[in-house]
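Below, each chain spelled out in residue letters.
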Amino acid sequence: MELTSRFILVYRKTRLTELVERFNTVQQARFYLEQSGADFHDYMEEDRLYGLGLEFTRRTLAELGSVQMLERAMLPSYLFRADDYVVVIGQDGLVANTLKYLDGHAVIALNPDSSRWDGVLLPFKPADLLPIVTDVMKQRRTCREITFAKATTNDGQSLLAVNDLFIGPKTHTSAHYTLKLGGVKEQQSSSGIIVSTGLGSTGWYQSVLAGAHGVCHSSSSQAESGGFAWNSDFLMYSVREPFPSKQTGVSLIHGQVNYDNPLSIESLMPENGVIFSDGIESDYLPFNAGSRVTITIAEVRGCLVV
């Protein structure tokens, strides 16, 4: 096999690594954890197993081509080539975070510690890698397609979401906006809107449904079935804690977004309005008075090797 292939190995810092960066030494990190009653051994063991899996994966890929190590924080600024092979070594959130910076690349996702992480998006272990990556290079592996959501603002900015979008207040206050879907418009006040993809439908969106189900003692097929398909040709939105008043309504608090019916929202908030995706609050688009956003299904889709 030619050694011209390039592999991008995406990884993240462990909890212990981040603490050592914060406190300068392992000893100081240990003192901090033990003073707060945390199990330092658990942090050490997680770091050890992740390190072993990462190094094994790097060495395996190095036998097939060049390897570029890419830490999670570098994803937004990294320029992927069309012929790159992308390998992500868990957790699930890292896989989701990686997918939205790609353009149809097939992603091989590895779980280095299956006793710790469920790994819904991590179908393989590092030990499985060699035959899998060989199959991918020879186009003998199937990919599972993943639908993304896309938020586009009236000033030309856009944001992709693999799991979900949040539109609402930056802090725990009320959001004020006008929501429009299918030609129907309504002014609302709430704690924000969640727009979920099929992949994210068992996450934040699921918790919103579960809360509504518990409060109303009503049934919800999606809440009970565990979400909807990853490659669905629709998104689902739900308004969190909608408040009815003389000016604000609650008739458009839950619904489907598809190709024919995009979701349009106009901000009525003077400040602190935001749009962020996949739980990454630091990477947000401002959404204040005068801003409008349209939520649609994204043109690009994710591809997870199975």
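Residues numbered from 1 in each chain as written. Predicted model: local features only at pLDDT ≥ 70, side-chain atom pairs only at ≥ 80, totals over all residues. Heavy atoms only, no water.

- The protein is annotated in an unreviewed UniProt entry as Sugar kinase from Zhongshania aliphaticivorans.

## Let's talk about the side chain of E186
Alright, step 1. Note that E186 resides in strand β9 (residues 184-190).
Alright, step 2. The buried charged residue E186 lacks any salt bridge, with K185 as its nearest oppositely charged partner at 13 Å.
Alright, step 3. Here Q188 takes part through its side chain, which lies 2.8 Å from a polar atom of the side chain of E186.
Alright, step 4. At 3.4 Å, the side chain of E186 and the backbone nitrogen of V250 are in polar contact. (Helix = DSSP H or I, 4+ residues; strand = E, 2+ residues; numbered from the N terminus. Buried < 20%, exposed > 50% of the residue type's maximum accessible area, 1.4 Å probe, protein only. Lys, Arg positive; Asp, Glu negative; His and termini not counted. Salt bridge = Lys/Arg side-chain N within 4 Å of Asp/Glu carboxyl O. Polar contact = N/O pair within 3.5 Å; in protein donor to acceptor, adjacent residues only side chain to side chain.)

## Here's the deal with the layout of surface pockets
Alright, step 1. One number sums up the size of the largest pocket: a volume of about 260 Å³.
Alright, step 2. Contributing to the lining of the largest pocket are 13 residues, with V208, G211, A212, S238 and V239 lying nearest its centre.
Alright, step 3. Elements with a contribution of two residues or more to the lining of the largest pocket: α6 (204-216) and β11 (234-239).
Alright, step 4. Across the lining of the largest pocket, the residue classes tally to eight nonpolar, four polar and one charged. (1 Å grid on protein atoms, 1.4 Å probe; cavity = no way out; pocket = protein on both sides within 12 Å on 5 of 7 lines; lining within 4 Å. Points joined across faces, edges and corners; volume = space filled by probe spheres on them. Nonpolar A, V, L, I, M, F, W, Y, C, P; charged D, E, K, R; others polar.)

## With respect to the pairing of β11
Alright, step 1. Judged by how many residues are buried, β11 sits mostly within the fold: six of six residues are covered.
Alright, step 2. As judged from the four bridges shared by strand β10 (residues 193-196) and β11, these two strands associate in the antiparallel manner. Within β11, the position partnered with I193 by the bridge is V239.
Alright, step 3. Summarising the sheet, β11 and strand β12 (residues 254-258) pair through five bridges and their orientation is antiparallel. Paired with F234 across the bridge in β12 is N258. (Pairing = 2+ DSSP bridges.)

## So, the packing of helix α3 (residues 40-62) against helix α5 (residues 129-137)
Alright, step 1. Orientation of α3 relative to α5, taken along the N-to-C sense of each, is 45°, at an axis distance of 10 Å. The pairing of α3 with α5 is recorded here as oblique in orientation. Two packed elements cross with a definite hand, and for α3 against α5 that hand is right-handed. The residues of α5 that touch α3, namely those facing T57, T60 and L61, are L129, L130 and V133.
Alright, step 2. Residue composition of the contact of α3 with α5, by class: four nonpolar, two polar and no charged. (Axes fitted to C-alpha atoms, helices over the stretch in contact; angles between N-to-C directions. Parallel < 35°, antiparallel > 145°, perpendicular 65-115°, else oblique. Left-handed = near helix turned anticlockwise from the far one by under 90°. Contact = heavy atoms within 4.5 Å.)

## Considering the state of the cysteines
Among covalent bonds in proteins, the disulfide is the one between the sulfur atoms of two cysteines.
Alright, step 1. A full pass over the atoms with the stated rule returns one disulfide.
Alright, step 2. Covalent S-S linkage joins C143 and C303, the inter-sulfur distance amounting to 2.3 Å. Judged by the torsion about the S-S bond (115°), the C143/C303 disulfide is right-handed. Here the residue C143 occupies a position in strand β5 (residues 143-153), and C303 occupies one in strand β16 (residues 292-305), the gap between them amounting to 160 residues.
Alright, step 3. Owing to a relative accessible area of 15%, C303 belongs among the buried residues under this scheme. (Disulfide = S-S within 2.5 Å.)

## Quick look at unusual backbone geometry
Trans is the prevailing form of peptide bonds, just as negative phi is the prevailing case for residues other than glycine.
Alright, step 1. Unlike most non-glycine residues, Q139 shows phi in positive territory, near 60°.
Alright, step 2. With respect to the helices, strands and loops of the structure, Q139 is situated in the loop between α5 and β5.
Alright, step 3. In this structure, N272 is a non-glycine residue whose phi angle is positive, near 65°.
Alright, step 4. Tracing the sequence through the fold places N272 in the loop between β13 (263-267) and β14 (273-277).
Alright, step 5. By relative accessible area, N272 is classed as partly exposed at 35%.

## A look at helix α1 (residues 15-23)
Alright, step 1. Taken as a whole, α1 has its buried residues at L16, L19 and F23. Looking down the long axis of α1, one finds its buried residues gathered within 60° of arc, a one-sided arrangement.
Alright, step 2. Of the surrounding elements, those touching the buried residues of α1 are α2 (26-35) and α3.
Alright, step 3. Following α1 by one or two positions, N24 adopts a phi angle in the positive range, close to 80°. (Arc of directions from axis to C-beta.)

## Remarks on the environment of T134
Alright, step 1. The residue T134 is located in helix α5 in this model.
Alright, step 2. Residue class for T134 comes out buried when judged on its relative accessible area of 16%.
Alright, step 3. Placed 32 residues apart in sequence, T134 and F166 show a C-alpha to C-alpha distance of 38 Å.

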